[in-house]
Amino acid sequence: MKKIILSLGAILGVTATALSLSSCGDSKATLKDLDGNDLVVEKTKDEEAVSKALVAVANSYSNNAKNIYSIGVDIKNATETNTNYNYTTIESSSEVSGVAKLTIGKNNYVDYKDKILNNTLTDDDIANAKESLKSNIDFEAELNSKTNSKALVDAEKLKDYYREMGINVSNISLTDQETKIDVDINLKAFLDNGDLYAEADSKSGSVVTSTTNETKQDIVVKDIFDSIPAAEVSTALNTFKSSSLFDMIFEYANVSFDTSILTSAEFYDSEAYTMIKAYVKELEIEITNTANNEITFDAKVKGNSFKAIENMFINLIGNDYASSSQVIDFEGIDDDQEIGNFSLTYSVETGFVKKVSTKVDLGSCTSTLDSVEISKYKTSAETSYIYNDDVKFNLNKDSSKTYNETDLSTIIGSIISSLGN
């Protein structure tokens, strides 16, 4: 059996799907600890209390993940950057918003695992699997993105760069050059009666060419479920419906894991729990809200956290990480400088994660990778979630549009192409 150590990332990842908490007044919440006793959760910075709350949340998840059949995600992101490399300064700002919804339906799926392994699938099996997927699965997504970029070439710095390369610049006439590019993208993708549709509109403008380019593409892949291994997908969904996501991942990854470790108080004496407490301490994770039927975990990332996190990963997955990967260090960032924070808000009433928020502000620094000067890197993102019956699907094909029929690989390529326009 392969040894798996749960890190804070794993704990946060699994708890981002489902919780099993019960309300205990307006300022506290109660859930079960690994002994099966009530664990009262309230605002605190105490490392032990925060660590035990995280573990209890992860434990409750393993029993409730199978209750999720629909999920909707709403994300908003804003980013500003200003970098300088050699003779070029690049300023960029972007705003992105998007919504994605997926349901696998409330019905159960057929398990074809034995027939797949024995190569005894019949045409009727495949047809039935396709029909089951078509009648239960629905999907839609929208993306809106606006990006403004400006690049400035400093003539004097460019000359210095040429001189360093041994190029005579006495006869070269150079002036400062500025380029501006604005790009707006609007994408939609959705299932309608078993067909996959995509609508892409993009607009880009440049002050260099004084032109504006607009691209519109409306395409469809007919009978999308004919393009996927329906019996295999049906089997995977059957596993998800009848077990936790833990079991599904470990089964298909061919990894053994004794999930009882999460339901035993012995876990508190394990190396994994020691690792969790180390994360809680290093990232200064605290519980900042337990009112209004919500529980919020907040984590801070400071300058000295980069190396500490790297060391934790080395301890987690072995020394091979040290030779195969490298964390980029940044000069100009003080050890105690708070450069980011991460927040997770859970709804006690519904038992699911409600919101995830992240903020990063590097300020002014220099990367050790090719001496890239970063005078600004600031980004913030907020992701909100809805589940099950709250997920409503609204997108359908537009009868006024002509959709060009294509295959799945082409539709993916077209969306990627639109993003690059």
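Basis of the calculations
- Residues numbered from 1 in each chain as written.
- Predicted model: local features only at pLDDT ≥ 70, side-chain atom pairs only at ≥ 80, totals over all residues.
- Heavy atoms only, no water.
- Helix = DSSP H or I, 4+ residues; strand = E, 2+ residues; numbered from the N terminus.
- Buried < 20%, exposed > 50% of the residue type's maximum accessible area, 1.4 Å probe, protein only.
- Contact = heavy atoms within 4.5 Å.
- Areas by Shrake-Rupley, 256 points an atom, 1.4 Å probe, with all protein chains shown as cover.
- Salt bridge = Lys/Arg side-chain N within 4 Å of Asp/Glu carboxyl O.
- Core = buried A, V, L, I, M, F, W, Y, C linked by side-chain atoms within 4.5 Å.
- Patch = residues over 30% accessible without salt bridge, like charges linked within 9 Å, V, L, I, M, F, W, Y side chains within 5 Å.
- Phe/Tyr/Trp six-rings, centres within 6.5 Å; stacked < 30°, edge-to-face > 60°.
- Lys NZ or Arg CZ within 6 Å of the ring centre and 35° of its normal.
- Pairing = 2+ DSSP bridges.
- Polar contact = N/O pair within 3.5 Å; in protein donor to acceptor, adjacent residues only side chain to side chain.

Undergrad: Talk me through the overall build of the protein; I want residue IDs and the actual numbers.
TA: Looking only at helices and strands, the protein has eleven helices and 17 strands in total. Within the protein, the proportion of its 421 residues that are buried is 38%. Nonlocal contacts in the protein, meaning residues at least 24 apart in sequence, comprise 71% of its contacts between residues at least 6 apart. For the protein, the exposed surface amounts to about 23100 Å²; the carbon and sulfur share of it is 47%.

Undergrad: Would you mind going over the pattern of salt bridges in detail, with residue names and values included?
TA: Pairing is possible between side chains that carry opposite charge, provided their charged atoms lie close to one another. Taken as a whole and judged by the stated rule, the model has 17 salt bridges. Lys-76 is the partner of Asp-74 in a salt bridge, and the nearest nitrogen-oxygen pair spans 3.3 Å. Note on Asp-74: relative accessible area 29%, which makes it partly exposed. The closest approach of N and O atoms between Glu-199 and Lys-401, which form a salt bridge, is 3.1 Å.

Undergrad: Got a sec to walk through the nonpolar core? Specific residues and values, please.
TA: As a rule of thumb, soluble globular proteins bury nonpolar side chains together. Formed by 33 residues in total, the largest nonpolar core has its most connected members in Val-50, Phe-267, Ile-285, Ile-287, Ile-295 and Phe-297. Taken together, the elements giving at least two residues each to this core come down to β2 (29-32), β3 (38-41), α2 (47-62), α8 (271-282), β11 (294-302), β13 (338-347) and β14 (352-361). Val-50 has contacts with Thr-44, Lys-45, Val-280, Ile-285, Glu-286, Ile-287 and Phe-297, leaving out every residue within four places of it along the chain. Ranked by size, the runner-up nonpolar core spans 16 residues in total, among them Tyr-109, Leu-133, Ala-230 and Phe-240.

Undergrad: So what about a nonpolar patch on the surface? Which residues, and what values?
TA: A cluster of nonpolar side chains, Met-165, Ile-167 and Ile-172, forms an exposed patch at the surface whose accessible area comes to about 240 Å². As for its placement among the helices and strands, Met-165 is situated in the loop between α5 (155-164) and β7 (177-192). Taking the relative accessible area as the measure of exposure, Met-165 reaches 49% and is therefore partly exposed.

Undergrad: Describe in detail the packing of aromatic side chains, supporting the description with residues and values.
TA: Overall, the coordinates contain eight aromatic pairs when judged by the stated rule. With a centroid separation of 6.4 Å and an interplanar angle of 45 degrees, the aromatic rings of Tyr-161 and Tyr-162 are classed as tilted. Look at Tyr-161 and you get partly exposed, because its relative accessible area is 27%. Members of the aromatic cluster, connected to one another through ring pairs, are Tyr-87, Tyr-161 and Tyr-162. One residue, Lys-52, lies across the ring of Tyr-268, its end atom 4.7 Å from the ring centre.

Undergrad: With reference to specific residues and values, describe the pairing of β14.
TA: Pairing geometry for β13 and β14, over eight bridges, is antiparallel. Residue Ser-347 lies in a different strand from β14, and its bridge partner there is Phe-352. Linkage of β13 to β14, two consecutive antiparallel strands, is achieved through a turn of four residues, within which Gly-351 is found at a positive phi near 80 degrees. Bridge count between β14 and strand β16 (residues 373-387): seven bridges; the pairing is antiparallel.

Undergrad: Let's hear about the side chain of Glu-140: which residues, and what values?
TA: With respect to the helices and strands, the residue Glu-140 is situated in strand β6 (residues 138-153). Only 2.9 Å separates the side chain of Glu-140 from the backbone nitrogen of Leu-395, close enough to count as a polar contact. With residues near it in sequence (within four places) discarded, Glu-140 still touches Val-99, Ala-100, Lys-101, Ala-189, Phe-190, Lys-392, Phe-393, Asn-394 and Leu-395.

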